[in-house]
Amino acid sequence: MRRFRAVVLVLLVALVLSAFAQAQIPKKFDNPKNVRIALVREVGEGSFFERYLAGAQSMARELGITLLEATANGDMARMVTMMENFIAQKVDAIIVDHGRPDPLMPKILEALDKGIKVVTFDLVVADDRVPEIEQDDLLIGYLISKQLAVDFAGKANVIYVNVGGFAPLDKRDRMWQIIKWRFEGIKEVAKTGAVTGSTAADTQTRMEAVMKEKPEANAVLAMWDEFAKGAVRAIMQAGKSSQFRVYSVDVTTEDIQMMIQENSPWVATVGTDSYAVGRLAVRAAAALVGGEKLPKYLLVEPQLVTREFLIQNNIKNMDDLVKALPGLGESNLVWPEWIKALIEKNKK
Ligand code: SR1
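The present account deals with the structure reproduced in this document. Computed from a prediction, not measured in an experiment: that's the story for all the values here.

On to the overall build of the protein. When helices and strands are tallied, the protein shows 13 helices and twelve strands. Overall, the C-alpha framework of the protein stretches about 85 × 55 × 35 Å when taken along its three principal axes. Relative to its full complement of 348 residues, the protein shows a buried share of 53%. The long-range fraction of contacts in the protein, counting pairs at least 24 apart against all pairs at least 6 apart in sequence, stands at 75%. Side-chain charges in the protein split into 44 positive and 44 negative, and the spacing between the mean points of these groups amounts to 6 Å.

Scanning all chains against the criterion turns up 22 salt bridges. Between Glu-69 and Arg-41 there is a salt bridge; the shortest N-O distance is 3.1 Å. Remark: Arg-41 occurs in strand β1 (residues 36-41) and Glu-69 occurs in strand β2 (residues 66-71); sequence separation between them is 28 residues. With relative accessibility at 5%, the residue Arg-41 sits in the buried group. Across the salt bridge formed by Glu-62 and Arg-279, the nearest N and O atoms sit 3.1 Å from each other.

It is worth spelling out the side chain of Ser-331 at this point. Secondary-structure assignment places Ser-331 in the loop between α12 (318-324) and α13 (337-347). Only 3.0 Å separates the side chain of Ser-331 from the backbone nitrogen of Leu-333, close enough to count as a polar contact. The residues contacting Ser-331, other than those within four sequence positions of it, are Ala-276, Leu-280 and Arg-283.

Before going further, it helps to examine the sheet that holds strand β11 (residues 297-299). The six strands lie next to each other as β2-β1-β3-β4-β5-β11, forming an open sheet whose pairing is parallel. Lying at the two open borders of the sheet, with one neighbouring strand each, are β2 and β11. Going across the sheet, the axis of each strand differs from the next one's by a mean of 20 degrees, ignoring polarity. Of the pairings in the sheet, the one linking β1 to β2 comprises six bridges and is parallel in character.

Evaluation of the coordinates by the stated rule reveals seven aromatic pairs. Ring geometry for Trp-224 against Phe-227: centres 5.5 Å apart, planes inclined by 80 degrees, an arrangement best described as edge-to-face. Overall, the relative accessible area of 6% leaves Trp-224 in the buried class. With a relative accessible area of 0%, Phe-227 lands in the buried category. Of the aromatic side chains, those joined through ring pairs into one cluster are Phe-48, Phe-49, Trp-224 and Phe-227. Above the ring of Phe-183, the side-chain terminus of Arg-182 is found at 4.4 Å from the ring centroid. Over the face of the ring belonging to Phe-152 we find Arg-245, whose NZ or CZ atom lies 4.4 Å from the ring centre.

Running from amino to carboxyl end, helix α2 (residues 47-63) crosses helix α10 (residues 274-289) at an angle of 40 degrees, the nearest separation of the two axes being 6 Å. In terms of their interaxial angle, α2 and α10 are classed as oblique. The crossing of α2 and α10 is right-handed. Residue-level contacts link Phe-48, Arg-51, Tyr-52, Ala-54, Gly-55, Ala-56, Ser-58, Met-59, Ala-60, Glu-62 and Leu-63 of α2 to Ser-274, Tyr-275, Val-277, Gly-278, Arg-279, Ala-281, Val-282, Arg-283 and Ala-286 of α10. Looking at the contact of α2 with α10 residue by residue, the class counts come to twelve nonpolar, four polar and four charged.

What counts, and at which threshold
- Residues numbered from 1 in each chain as written.
- Predicted model: local features only at pLDDT ≥ 70, side-chain atom pairs only at ≥ 80, totals over all residues.
- Heavy atoms only, no water.
- Helix = DSSP H or I, 4+ residues; strand = E, 2+ residues; numbered from the N terminus.
- Buried < 20%, exposed > 50% of the residue type's maximum accessible area, 1.4 Å probe, protein only.
- Contact = heavy atoms within 4.5 Å.
- Lys, Arg positive; Asp, Glu negative; His and termini not counted.
- Charge placed at Lys NZ, Arg CZ, Asp CG, Glu CD.
- Salt bridge = Lys/Arg side-chain N within 4 Å of Asp/Glu carboxyl O.
- Polar contact = N/O pair within 3.5 Å; in protein donor to acceptor, adjacent residues only side chain to side chain.
- Pairing = 2+ DSSP bridges.
- Axes fitted to C-alpha atoms, helices over the stretch in contact; angles between N-to-C directions.
- Phe/Tyr/Trp six-rings, centres within 6.5 Å; stacked < 30°, edge-to-face > 60°.
- Lys NZ or Arg CZ within 6 Å of the ring centre and 35° of its normal.
- Parallel < 35°, antiparallel > 145°, perpendicular 65-115°, else oblique.
- Left-handed = near helix turned anticlockwise from the far one by under 90°.
- Nonpolar A, V, L, I, M, F, W, Y, C, P; charged D, E, K, R; others polar.

This is the structure we're talking about:
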């Protein structure tokens, strides 16, 4: 009996010690304000990226760390300079957000060499030390392209709005190519799109011209919500809502409001909540600084959202949508015990 009690006691102590060890906040976070994480972004325009940044800032606030943010507005040379500046400042981690691998890779390697942790969002990096966050863009491309093909029973004349050179857009494009191969009556009658800094307005102008050139078009597939906004405005202003159905990627409150408005041709979108993605990016960077080993691929699962679903469920904004589709809420990726403990500690 005495032996049994001793064994139970040892087990209990081990259990308590292991829980304590798991939740032990790394020394580096004794004064979390001294942990500096840089967020270097290629693109900042539009409601997706505004919401993403708000999410990143909220996570930094909860962790009590310092978030330094810089946006290159599409200028790759500027993005490289921003990386150099943050490396020179000896930040603890850098989140590299979009951008091209060729110019950025040397700077990523330099950062790693100097002990700076690196995580990317929407940038493919051939280095096992660098976790990549993405919204599972192959799945996004598949879900939205398939929705279009099935809704149109395999026959549509599609204006495709997308551009190459951005990792998420390239991945989505792969799936569109497969859907066209599978459904031969799905025709791409025109392709347009550019990322300009005023992408929605410029897409609207492009779309006005394409609609005149291709009067047979009856669908739009837009691989970014900024593209979709421009296309929807052009269609509605031309009074052609009944001729078109618009399919897109991303979802924000602004998108929801455009989808539910009367006569909106915007019928479906596939996306995640970029607020949760921004939070994940900062959490992942902090976890690396705290010594965690993360998986190479951190995929946030996207969801299909239709106009019909929004209207039926009286959804008017992202808060309503997350309540109706909880899978869109906080990501369950990268939650080591000590991060939870740090957040709790900061609440006191
Ligand atoms: C210019 S790239 C735009 C895309 O980046 C993010 O992946 C968003 O989903 C957006 O569609």
